[in-house]
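Survey of secondary and tertiary structure
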Amino acid sequence: MFQRIYKVNGEDVNDFMVMQNAAYLSYSSKLVETFLFVNGFTKLKMNTLKVGIQKNNDQIIQHQQLFFTQDFSVKLEFKNIGFCAQKMNIAIHFYNEKQELCATVVREIYWFDYSSWQTVSPPKSIAKYFLQEDVFSRVG
């Protein structure tokens, strides 16, 4: 699981000093981009591969509120890949300082090929960081 720690800023909150839904979505996007960057896929490299990410169908499930100046951690969890291997489901979990779950953003990610203008399977060099294949041992 990939994790980063942030602090709720002034632009993230509403008039009641509670973190807004738009901020949850922004931090979710930032976490996915950071995950790709850490694994060697900068925006320049993605442009060279002529592939990008399309986000779809974001769902926010809120359990508790995050407040102004509060530290929180964001964890990326890979859920599954679709039958056609083009759609990936991820969950981004937001935890407060006490590691209590505050919110979860469930997101579908599509990989988009800029040369053909179609959704495609993720390049194998990228997919290996999202997919963790099960290793089975021979029995008997």
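An account of the accompanying structure is given in this report. On a predicted model such as this, the values are computed, not experimentally measured, just so you know. (Residues numbered from 1 in each chain as written. Predicted model: local features only at pLDDT ≥ 70, side-chain atom pairs only at ≥ 80, totals over all residues. Heavy atoms only, no water.)

1. A short note on the packing of aromatic side chains
In this structure the tally under the stated criterion is nine aromatic pairs. For the pair phenylalanine 112 and tyrosine 114, a centre-to-centre distance of 5.5 Å together with 70° between the ring planes defines the contact as edge-to-face. Judged by its relative accessible area of 35%, tyrosine 114 falls in the partly exposed class. An aromatic cluster is present here, built from Tyr6, Tyr24, Tyr27, Phe72 and Phe94 joined pairwise through their rings. (Phe/Tyr/Trp six-rings, centres within 6.5 Å; stacked < 30°, edge-to-face > 60°. Buried < 20%, exposed > 50% of the residue type's maximum accessible area, 1.4 Å probe, protein only.)

2. Details of unusual backbone geometry
Residues other than glycine predominantly adopt negative phi, and peptide bonds predominantly adopt the trans conformation. The phi angle at asparagine 57 is positive, at roughly 55°, despite the residue not being glycine. Secondary-structure assignment places asparagine 57 in strand 2 (residues 51–62). On the basis of relative accessible area, asparagine 57 is assigned to the partly exposed category, the value being 40%. A positive phi angle is found at glutamine 99, which is not glycine, with a value near 60°. Relative to the helices and strands, glutamine 99 resides in the loop between strand 4 (87–95) and strand 5 (101–113). For glutamine 99, a relative accessible area of 43% puts it in the partly exposed group. (Helix = DSSP H or I, 4+ residues; strand = E, 2+ residues; numbered from the N terminus.)

3. Here we look at the side chain of aspartate 113
Relative to the elements of secondary structure, aspartate 113 occurs in strand 5. Buried charged residue aspartate 113 carries no salt bridge. Nearest counter-charge: lysine 50, at 7.4 Å. Excluding residues that lie within four positions of it along the chain, aspartate 113 makes contacts with Lys50, Gln118 and Val120. (Lys, Arg positive; Asp, Glu negative; His and termini not counted. Salt bridge = Lys/Arg side-chain N within 4 Å of Asp/Glu carboxyl O. Contact = heavy atoms within 4.5 Å.)

4. Quick look at the environment of valine 120
Looking at the secondary structure, you find valine 120 in strand 6 (residues 118–120). Relative accessible area serves as the criterion here: at 21%, valine 120 is assigned to the partly exposed category. Taking the C-alpha atoms as reference points, valine 120 and glutamine 20, 100 residues apart in sequence, are found 33 Å from one another.

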